[in-house]
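Each chain, letter by letter, is given below.
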Amino acid sequence: MVVTRIAPSPTGDPHVGTAYQALFNYVFAKQHGGKFIVRLEDTDRTRYNPTSERRILEMLEWLGLSPDESPTKGGPNGPYVQSQRLPIYRQHVQMLLEKGAAYRAFDTPEELAAAREAARRAGKQEQGYNRRYRDYPAQEAERRAAAGEPHVVRLKVPLEGKTVVHDLLRGSIEFENAALDDKVILKADGYPTYHLAAMVDDHLMGVTHVIRAEEWITSTPFHILILRAFGWEEPVWCHTPLLRNPDKSKLSKRKMDTSVDSYKAQGILPEALLNYLGTMAWSMPDGREIFSVQDMIKHFSLERISLGGPVFDLNKLKWMNGKYIREVLSLDDLAQRVKPFLERAGLSYPSETYLKQALEAMRARFETLQEFVDRSLYFFSEAYPMQEKALAKLREGAAFLPELREQLSGLPDLLPDHTEPLLKGFAEAKGVKAAAVMQPLRAALTGSLETPGMFDLLTLLGKERVLKRLERAMELVGE
RNA sequence: GGCCCCAUCGACUAGCGGUUAGGUCACCGCCCUUUCAAGGCGGCGGCAGGGGUUCGAAUCCCCUUGGGGUCACCA
């Protein structure tokens, strides 16, 4: 059975890179009827962020990438939080120690720094640990450890030969063992490092395919060496390209908004975000750009992943979100999605029908849910702002306002059947273009020059509000 | 800098020896039009460079260049 996983570390906001990896791992697992696991890698106590853990898990649910096994869901191979698995790691480190595949090292951080500095000055090309304790007498090491002397455990990396990474997308990647160093697998605080913990957990959890970002390529030989030290089989390695900032560097929150929570707050739809991420380094065989996770599961193949690092383009994400808003979601669905945003803005609506009509009228005019709120204030409140350009237009047509108000007030209702002939006739009678009447009216009713069509506006606002707004506008321009 | 990965329009990509190098975003123009959008139509724009291999290279190989990643008791 195919088993994939993502192993985020709870150090900050839920990252789009995590969502990206989750998508590929989820889709691949589902496509093969396998399992998708989420495991939290919280072995760095200094960077641990308590809310991050919960938010990462919530993000995955929001996206609909529900794991089969996770800290919240549990599963047969738990716990799924590494800090709760310390005994497992210690036990495995012990195994390596006994096999002679790892050794205790008593260097202090200061000593290590000094050694690195000395090596640098000597102009040494190879960096990394100088292996001072590699051949240290085992009994002596055990004695010092037993005495409580702080130390780490390092893997004994072969001094010769090479380790080959068989990457699904790149073929064989060779690394000279001589260029590797003896990495720490157990820290002085008793926590494992990523390398050890990830390999132990992947093995114990039955992970068959490690699909992760390419930043891990250079540590893969080390991971393979750990696996071999235990006598375990390797998973399939598949390193996907890194998402990039516009300047092509690795996507980072310093240069870009990388927080999924932030996109959610802006009103980016989960399916649009997922769809967009699905077009990063991957494409549908038939070239479709709008597709669901289900579509992706149907047509996905790891081999179609392209290797160039894709730039995360906010502009296209927003375009795609707009596409979902106007073409993919049903009106009912859209209404449900927008409600929390209205509520947060303190806006209410008279009825479900009214909300849907406003949405329908605005649909082609906003790309995020928050934009709907920002641009539709006049549908929900009398406290809408009067934009400068709109005010100017209002002044231009101020002279028409009283008569316009008079005529509109004479209508039984403001449905298009009545308003359309009235407004067109009005302009004609005045010998002006329709816009000369429409624009000032638009400004009066919405404070804006960018709105849905006039007849939709009049229908939606209704006679009472229209007349009131016209009166206020006349006061404003002193007519 | 060492090691490793990568390289098609500004961005995302299709292409896997024979195509007028296709699509999407962005940009520009036109149409539609009461505004703004949306939509339709059209345009601009690319195989990093140089060597090979081949009857034939965007496609295969090598070099150069460029970009990126990684070199922690972080993941």
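Residues numbered from 1 in each chain as written. Chains lettered and ligands numbered in written order. Predicted model: local features only at pLDDT ≥ 70, side-chain atom pairs only at ≥ 80, totals over all residues. Heavy atoms only, no water.

**Concerning the protein's contact with RNA strand B**
In the vicinity of RNA strand B lie 64 residues, with R170, A281, E289, A364 and R442 positioned nearest. Taking all atoms of RNA strand B within 4 Å of the protein, the share assigned to sugar and phosphate is 72%. A distance of 3.5 Å separates a phosphate oxygen of RNA strand B from a polar atom in the side chain of E215. A distance of 2.3 Å separates a sugar or linking oxygen of RNA strand B from a polar backbone atom of A364. Counting only elements with at least two residues in the surface near RNA strand B, the list comes to α4 (109-121), β4 (152-155), β6 (171-176), α11 (314-328), α19 (434-446) and α20 (454-476). When the residues that make up the surface near RNA strand B are grouped by side-chain class, the tally is 25 nonpolar, 15 polar and 24 charged. (Near = heavy atom within 4 Å. Polar contact = N/O pair within 3.5 Å; in protein donor to acceptor, adjacent residues only side chain to side chain. Helix = DSSP H or I, 4+ residues; strand = E, 2+ residues; numbered from the N terminus. Nonpolar A, V, L, I, M, F, W, Y, C, P; charged D, E, K, R; others polar.)

**A short note on the pattern of salt bridges**
Applying the stated criterion across every chain yields a total of 46 salt bridges. R39 is the partner of D201 in a salt bridge, and the nearest nitrogen-oxygen pair spans 3.6 Å. Of this pair, D201 sits in helix α6 (residues 194-204) while R39 sits in the loop between β2 (35-38) and α2 (50-63), and the two are 162 residues apart along the sequence. Overall, the relative accessible area of 0% leaves R39 in the buried class. Three or more residues joined by partner-sharing salt bridges are found here, namely R5, R39, E41, R85, D201 and D202. (Salt bridge = Lys/Arg side-chain N within 4 Å of Asp/Glu carboxyl O. Buried < 20%, exposed > 50% of the residue type's maximum accessible area, 1.4 Å probe, protein only.)

**Description of the sheet that holds strand β7 (residues 184-186)**
Taking strand neighbours across the sheet as the criterion, the three strands line up as β3-β4-β7 in an open arrangement whose pairing is antiparallel. Each having just a single partner strand, β3 (102-105) and β7 make up the two edges of the open sheet. The mean inter-strand angle of the sheet, taken between neighbouring strand axes irrespective of direction, is 45 degrees. Bridge count for β3 against β4 is four bridges, and the pairing is antiparallel. Residue pairing for β4: Y103 is matched across the bridge by R154. (Pairing = 2+ DSSP bridges. Axes fitted to C-alpha atoms, helices over the stretch in contact; angles between N-to-C directions.)

So, to be careful, I would describe these as geometric facts and stop short of saying anything about function.
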